[in-house]
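Secondary and tertiary structure notes
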Amino acid sequence: MALLEVRDLRVSFDTDDGTVYAVQGMSFSVGAGQTLGIVGESGSGKSVTTQAIMGLAPGAKISGEAVLDGADLISMSEDELQRIRGRKVSLIFQDPLTSLHPLYRVGHQIAEVMETHGKVARKEAIRRAVDLLGRVGIPEPDKRVRDYPHQFSGGMRQRVMIAMALAYEPMLIIADEPTTALDVTVQAQILELLGRMQQDFGTAVILITHDLGVVADVADDVVIMYGGRPMERADVRSVFVEPHHPYTQGLLESIPSYSGRTGRLKPIQGYPPSLMRMIEQCPFAPRCAQVRDACRVAPPPLKPVGSSPGHLSACVLDANRVGLASEPDEAGRAVGAAEER
Ligand SMILES: Nc1ncnc2c1ncn2[C@@H]1O[C@H](COP(=O)(O)OP(=O)(O)OP(=O)(O)O)[C@@H](O)[C@H]1O
Ligand SMILES: [Mg+2]
């Protein structure tokens with residue numbers, strides 16, 4: 001059973017300029033100890049999705065379900081959500097400086113979490129904070145525990161944030177672009193750390209990123225968002241080996257490491273849609289090279305495609321048509337869908 005199951009999440013904001021339809025029909029699930037990557041371009045609704053679920057989208061109109069460990073977060077009161085955010089779910093953001101208190105020593109901040117949630121005494125909490133800082137790769141943790149956030153580099157601060165997130169012993173960590181501000185080497189180290197901690201603690205992770213390469217390295221499952229909607233959902237291998245949605249295929253072709261293999265690097269032409277009105281068609285239709293009339297009737301729902309179970313695509317194209325640039329064979333079937341039964 002999934003730890004978190006999100007069904008038909010819709011989020012909109014009423015602003016002075018009109019309504020922003022930020023998320024429409026978002027559905028996904030995350031199993032215990034699993035990593036789900038949420039991928040999409042800037043403005044596709046990745047952050048709003050998790051903010052709405054966790055009660056961190058003030059002023060948002062939210063509908064749908066988000067069942068965590070048997071309880072629906074969408075219908076919870078602010079008090080209940082606050083307890084969930086403390087006990088069951090930890091959040092890690094791009095810039096740890098905004099999440100860490102600048103005037104308290106990091107050891108104090110981590111220890112305070114443990115005192116409140118684990119009900120341990122201060123001395124023991126500090127001892128555990130030192131242990132956690134060591135585990136997330138902070139050198140000389142017994143000394144650094146007394147430092148203030150500004151005394152750490154960006155990468156080290158992100159490690160401190162991960163230590164802090166783990167101090168809650170959460171079932172789920174939501175990491176929103178946790179490494180975007182870091183250089184590539186540090187980025188890799190942080191992601192590896194997150195993976196290792198996840199194994200040690202059995203925590204589920206939702207990793208939000210615009211970088212499919214990052215997802216390829218660390219995620220079990222992926223949901224690709226575009227224009228506030230899920231375009232494709234699958235285990236990570238299927239998304240890379242049998243991408244179905246033209247948007248996913250476009251994203252893959254625009255990654256240098258991936259297109260390096262196929263010898264092409266093609267940015268997707270055009271711009272993402274405005275979310276200032278309800279999109280009544282496939283949001284990718286205006287940019288899609290394979291667009292047809294059916295795409296303009298209504299946003300296509302996610303439906304099963306390809307050869308692996310759980311692979312879903314919100315595209316009207318033939319459900320069994322898989323693979324980058326696969327051509328139909330004489331029988332009209334996609335070459336590459338060899339495992340079809
Ligand atoms: N409080 C708000 N009021 C109005 N519109 C909002 C609000 N928060 C987000 N939005 C809009 O919702 C849409 C989705 O935003 P979101 O922050 O989820 O994008 P994102 O995929 O996380 O992008 P990025 O990669 O840049 O972080 C955007 O058009 C954004 O402007
Ligand atoms: Mg975001």
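Computed from a predicted model, the values in this text were never measured in an experiment.

So, on to the sheet that holds strand β1 (residues 4-15). The strand order across the open sheet built from four strands is β2-β1-β4-β5, with neighbouring strands paired in antiparallel fashion. Two strands lie at the open edges of the sheet, namely β2 (18-30) and β5 (71-72), each paired on one side alone. Direction of pairing for β1 relative to strand β4 (residues 60-68): antiparallel, over a ladder of eight bridges. For S12, the partnering residue across the bridge sits in β4 and is K61.

Around ligand 1, the structure places 15 residues, and the nearest of them are F13, A22, S42, S47 and V48. Every element with two or more residues in the shell around ligand 1 is listed here: β1, β2 and α1 (46-53). With three residues, α1 is the single largest residue contributor to the shell around ligand 1. Among the residues making up the shell around ligand 1, the classes are represented as five nonpolar, nine polar and one charged.

Here we come to the environment of S313. By the element assignment, S313 lies in strand β12 (residues 312-313). Through-space distance from the C-alpha of S313 to that of Q24 is 15 Å; in sequence the pair is 289 residues apart. In contact with S313, not counting residues within four places along its chain, are E232, H244, H245, L302, K303 and V305.

Attention now moves to the pairing of strand β8 (residues 204-209). With six of six residues buried, β8 lies mostly within the body of the structure. The two faces of β8 match: A204, I206 and I208 on one face and V205, L207 and T209 on the other face are all buried. Pairing between strand β3 (residues 35-39) and β8: five bridges, direction parallel. In the strand pairing of β8, I38 is matched with I208. Pairing analysis gives five bridges linking strand β7 (residues 172-176) to β8, with the strands arranged parallel. By the bridge assignment for β8, D176 is matched with I208.

Okay, helix α8 (residues 184-201) next. In a regular helix each residue adds 1.5 Å, so 18 residues correspond to 26 Å; α8 covers 26 Å between its end C-alpha atoms and thus fits that length. Along α8, the positions that sit buried rather than exposed are I190, L191, L194 and M197. Down the axis of α8, the smallest arc covering the buried residues is 125 degrees, so these residues share one side. In α8, the exposed positions that point more than 90 degrees away from the buried face belong to V184, T185, Q199 and D200. Check the buried side of α8 and you find it contacts α7 (154-167), β7, β8 and α9 (212-218).

Moving on, we come to the nonpolar core. With 88 residues, the main nonpolar core has I110 and A163 as its most contacted residues. Top contributing element to this core by residue count: α7, with nine residues. Discounting residues that sit within four places of it in the chain, I110 has contacts with A129, L132, A163, M164 and A167.

Of the two faces of strand β6 (residues 89-92), the one carrying V89 and L91 and the one carrying S90 and I92 are both buried. When β6 meets β7, the two strands line up parallel, connected through four bridges. Within β7, the residue paired with L91 across the bridge is I174.

The next point concerns the packing of helix α4 (residues 106-118) against α7. Where α4 meets α7, the axes come as close as 8 Å, and the angle between the chain directions of the two elements is 15 degrees. Regarding the angle of α4 to α7, the classification is roughly parallel. In this structure, the crossing between α4 and α7 has a hand that is right-handed. Only V160, A163, M164 and A167 of α7 make contact with α4, whose side of the interface consists of V106, Q109, I110, V113 and M114. Within the contact of α4 with α7, the residues separate by chemical class into eight nonpolar, one polar and no charged.

Judged by pairing direction, the sheet is mixed, and its eight strands sit side by side in the order β6-β7-β8-β3-β9-β10-β12-β11 without closing on themselves. The strands lining the two open edges of the sheet, one partner per strand, are β6 and β11 (303-304). Across two bridges, strand β10 (residues 229-235) lies against β12 in antiparallel orientation. In the strand pairing of β12, R233 is matched with L312.

This next bit is on the packing of α7 against α8. Axes are the key here: two packed helices are described by the angle between their axes and the distance separating the axes. At a closest axis distance of 10 Å, the pairing of α7 and α8 adopts a crossing angle of 15 degrees. One finds that α7 runs roughly parallel with respect to α8. You can see that α7 and α8 cross each other, and the crossing is right-handed. Packed against α7, whose contacting residues are G155, Q158, R159, I162 and L166, the element α8 presents V186, I190, L193, L194, M197 and F201 at the interface. Along the lines of polarity and charge, the residues of the contact of α7 with α8 split into eight nonpolar, two polar and one charged.

Calculation criteria
- Residues numbered from 1 in each chain as written.
- Chains lettered and ligands numbered in written order.
- Predicted model: local features only at pLDDT ≥ 70, side-chain atom pairs only at ≥ 80, totals over all residues.
- Pairing = 2+ DSSP bridges.
- Helix = DSSP H or I, 4+ residues; strand = E, 2+ residues; numbered from the N terminus.
- Near = placed C-beta within 6 Å.
- Nonpolar A, V, L, I, M, F, W, Y, C, P; charged D, E, K, R; others polar.
- Contact = placed C-beta atoms within 7 Å.
- Buried ≥ 20, exposed ≤ 12 C-beta atoms within 10 Å, placed from the backbone.
- Expected span 1.5 Å × (residues − 1).
- Arc of directions from axis to C-beta.
- Core = buried A, V, L, I, M, F, W, Y, C linked by C-beta atoms within 7 Å.
- Axes fitted to C-alpha atoms, helices over the stretch in contact; angles between N-to-C directions.
- Parallel < 35°, antiparallel > 145°, perpendicular 65-115°, else oblique.
- Left-handed = near helix turned anticlockwise from the far one by under 90°.

None of this, on its own, says anything about what the molecule does.
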